[in-house]
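# Geometric and topological summary
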Amino acid sequence: EYADISLKDIEQLASSSFPLCMRHLFDKLREDHHLKHGGRMQLGLFLKGVGLKLEDALAFWRAEFSPKVNTERFDKEYAYSIRHNYGKEGKRTDYTPYSCQKIISSTTGSGDHGCPYRHFSEENLRAALGKMGVGGHTLEDVIDKARNHHYQLACTLTFEAIHATSCESGINHPNQYFSESRKILQ
Ligand code: SF4
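Residues numbered from 1 in each chain as written. Predicted model: local features only at pLDDT ≥ 70, side-chain atom pairs only at ≥ 80, totals over all residues. Heavy atoms only, no water.

### Regarding the site of the ligand
- Around the ligand, the surrounding shell consists of Pro19, Cys21, Cys100, Ile103, Cys115, Pro116, Tyr117, Gln152, Cys155, Ile171 and Pro174.
- In this structure, the ligand is accommodated by the largest cavity.
- Within the residue set of the shell around the ligand, elements represented by two or more residues are α7 (100-104), α8 (116-119) and α11 (151-163).
- For the shell around the ligand, the residue count by class is 10 nonpolar, 1 polar and no charged. (Near = heavy atom within 4 Å. 1 Å grid on protein atoms, 1.4 Å probe; cavity = no way out; pocket = protein on both sides within 12 Å on 5 of 7 lines; lining within 4 Å. Sits in = over half its atoms within 2 Å of the grid points. Helix = DSSP H or I, 4+ residues; strand = E, 2+ residues; numbered from the N terminus. Nonpolar A, V, L, I, M, F, W, Y, C, P; charged D, E, K, R; others polar.)

### Focus on the pattern of salt bridges
- Counted according to the given criterion, the structure contains 11 salt bridges.
- Asp9 is paired through a salt bridge with Lys8; the nearest N and O atoms lie 3.5 Å apart.
- Owing to a relative accessible area of 30%, Asp9 belongs among the partly exposed residues under this scheme.
- A salt bridge links Glu140 to Arg126; the nearest nitrogen and oxygen atoms lie 3.0 Å apart. Separated by 14 residues along the polypeptide, Glu140 in helix α10 (residues 136-147) and Arg126 in helix α9 (residues 122-131) bring together distant segments of the chain.
- Owing to a relative accessible area of 40%, Glu140 belongs among the partly exposed residues under this scheme.
- Assessed through its relative accessible area of 27%, Arg126 is described here as partly exposed. (Salt bridge = Lys/Arg side-chain N within 4 Å of Asp/Glu carboxyl O. Buried < 20%, exposed > 50% of the residue type's maximum accessible area, 1.4 Å probe, protein only.)

### Observations concerning the layout of surface pockets
- Counted as a void, the largest pocket has a volume near 290 Å³.
- In this structure, the largest pocket is lined by Leu20, Arg23, His24, Asp27, Lys28, Glu31, Phe120, Asn124, Ala127, Ala128, Lys131 and Met132.
- Looking at the lining of the largest pocket, the elements that each hand over two or more residues are α2 (20-32) and α9.
- The dominant element in the lining of the largest pocket, judged by the number of residues it contributes, is α2, at 6 residues. (Points joined across faces, edges and corners; volume = space filled by probe spheres on them.)

### Observations regarding α10
- Along its 12 residues, α10 runs 17 Å from first to last C-alpha, staying within 8% of the 16 Å computed at 1.5 Å per residue.
- Taken together, the buried positions of α10 are occupied by Leu139, Val142, Ile143 and Ala146. Summarising the axial view, the buried residues of α10 lie within an arc of 100°, below the 170-degree limit, and thus occupy one face.
- The positive-phi residue at the C-terminal boundary of α10 is His149, with phi of around 70°. (Expected span 1.5 Å × (residues − 1). Arc of directions from axis to C-beta.)

### Examining the packing of helix α3 (residues 37-50) against helix α12 (residues 174-185)
- The N-to-C vectors of α3 and α12 enclose an angle of 40°; their axes lie 10 Å apart at closest approach. It follows from the interaxial angle that α3 and α12 lie oblique. Where α3 crosses over α12, the handedness of that crossing is right-handed. Residues Phe46, Gly49 and Val50 of α3 form the contact with α12, whose participating residues are Pro174, Asn175 and Phe178. (Axes fitted to C-alpha atoms, helices over the stretch in contact; angles between N-to-C directions. Parallel < 35°, antiparallel > 145°, perpendicular 65-115°, else oblique. Left-handed = near helix turned anticlockwise from the far one by under 90°. Contact = heavy atoms within 4.5 Å.)

### A word on empty space enclosed by the protein
- Within the structure shown, the criterion is met by 2 cavities of 30 Å³ or more.
- Empty space within the largest cavity amounts to approximately 100 Å³.
- Around the largest cavity, the lining is made up of 16 residues, and of these Cys21, Cys100, Cys115, Cys155 and Pro174 lie nearest the centre.
- Listed by contribution, the elements that provide at least two residues to the lining of the largest cavity are α2, α7, α8, α11 and α12.
- Looking at side-chain class alone, the lining of the largest cavity contains 14 nonpolar, 2 polar and no charged residues.

None of the figures reported here should be taken as evidence of function without further support.
Written out as structure tokens, the structure is:
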């Protein structure tokens, strides 16, 4: 249902239209050239949902994992699970991107995945929101919602602050956040 996106646009789209959960994984990947399994699933399926084609997804992950993981090791250890997410391996199930509910209720352990409004410390959440340009009263409102376990409301407030418009439907899926954002910014 989304238009295809190309590899060269990802960086710009990440900063303008990814929700915090995906922006965090994207930044982490850029920084570490690696993501653990849970993060690869969460971000990988989201990118598939925004319209990244399988071939571009393979090129994207291969480039991000380099130079830590060389092409040979990448193809051996990681390419399968990416093709798997696109329904090209195993039972050929076409996996769907995770909803907020699923991400919020996931247990993160030592992983980087999850919903920042739920899984970050208040200090880290403040810093992350600051980087997104959320400050002042809005920042306090978002922190307050997160503290009271209204994670999706916190995300909706962030969306509204960044896009300077209201979001009547509220945020219930990272891919919905993305498509609402594109509607406004395009
Ligand atoms: Fe991501 Fe949903 Fe959490 Fe927003 S509320 S950060 S879209 S999981």
